[in-house]
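A structural walkthrough
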Amino acid sequence: MISNSARVPAPSAAPCRITVCRGCCCGDARKVPGVDHAGQIGRLRGAVGEAALVRASECLDVCDQANVMVVQPSAAGRAAGGRPVWLGLVNDDDALADIAAWVRAGGPGLAEPPGVLDLYEFTVSRRVGKALEG
Ligand code: FES
């Protein structure tokens, strides 16, 4: 039997990064009710372990997609052609589990997103995308 750890890439010096928007709409129960916003980052950090750094950001300027998360590739993933993937309406734990499984498998550039995660993906303008890189 192969254990899960045998398939997980070794932690990299430059792992994936997950940016979790916590601006004016994302993370606000009045704007997106019925979601445990306060626990979302902690659950995600627990699920990804060392496979990704999870950070909060201010508004990413795509509030109609709240809650927004951006999965940025690891150095190896970027070298393999991976680019930041914007995910919107991330308001359930199944999506969090899929994001965590994806980065544990390597993330953008190294692994395909599992489950229905591609349905959460959306495209942003170049201006919005560049703001995240800063
Ligand atoms: S608050 Fe998240 S995009 Fe504006």
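In short, a report on the structure. What you see is a predicted model; the values in this text were computed from it and never measured.

Section: the packing of aromatic side chains
Scanning all chains against the criterion turns up one aromatic pair. Their ring planes at 70° and their centres at 6.1 Å tell us that Trp-86 and Phe-122 sit as a pair that is edge-to-face. Highlighted residues: Trp-86 in strand E4 (residues 85-87) and Phe-122 in strand E5 (residues 121-122), separated in sequence by 36 residues. Residue classification places Trp-86 among the buried positions, given a relative accessible area of 5%.

Brief notes about the sheet that holds strand E2 (residues 52-57)
With respect to topology, five strands assemble into an open sheet ordered E2-E1-E3-E4-E5, the strand pairing being mixed. Sheet topology places E2 and E5 at the edges, where each strand pairs with a single neighbour. The sheet contact formed by strand E1 (residues 16-21) and strand E3 (residues 69-72) spans four bridges and is antiparallel. In the sheet register, Ile-18 faces E3, and the bridge partner there is Val-71. Contacts between helix H2 (residues 37-48) and the sheet are confined to E1, E2 and E3, with E2 contributing the most and set at about 165° to the helix.

Description of the pairing of E3
Moving residue by residue along a regular strand, the side chains alternate between the two faces of the sheet. Side-chain alternation along E3 places Met-69 and Val-71 on one buried face and Val-70 and Gln-72 on a second face that is also buried. Relative to E4, E3 is paired through three bridges, and the arrangement is antiparallel. Of the residues in E4, the one forming a bridge with Met-69 is Leu-87.

How each quantity is defined
- Residues numbered from 1 in each chain as written.
- Predicted model: local features only at pLDDT ≥ 70, side-chain atom pairs only at ≥ 80, totals over all residues.
- Heavy atoms only, no water.
- Phe/Tyr/Trp six-rings, centres within 6.5 Å; stacked < 30°, edge-to-face > 60°.
- Helix = DSSP H or I, 4+ residues; strand = E, 2+ residues; numbered from the N terminus.
- Buried < 20%, exposed > 50% of the residue type's maximum accessible area, 1.4 Å probe, protein only.
- Pairing = 2+ DSSP bridges.
- Contact = heavy atoms within 4.5 Å.
- Axes fitted to C-alpha atoms, helices over the stretch in contact; angles between N-to-C directions.

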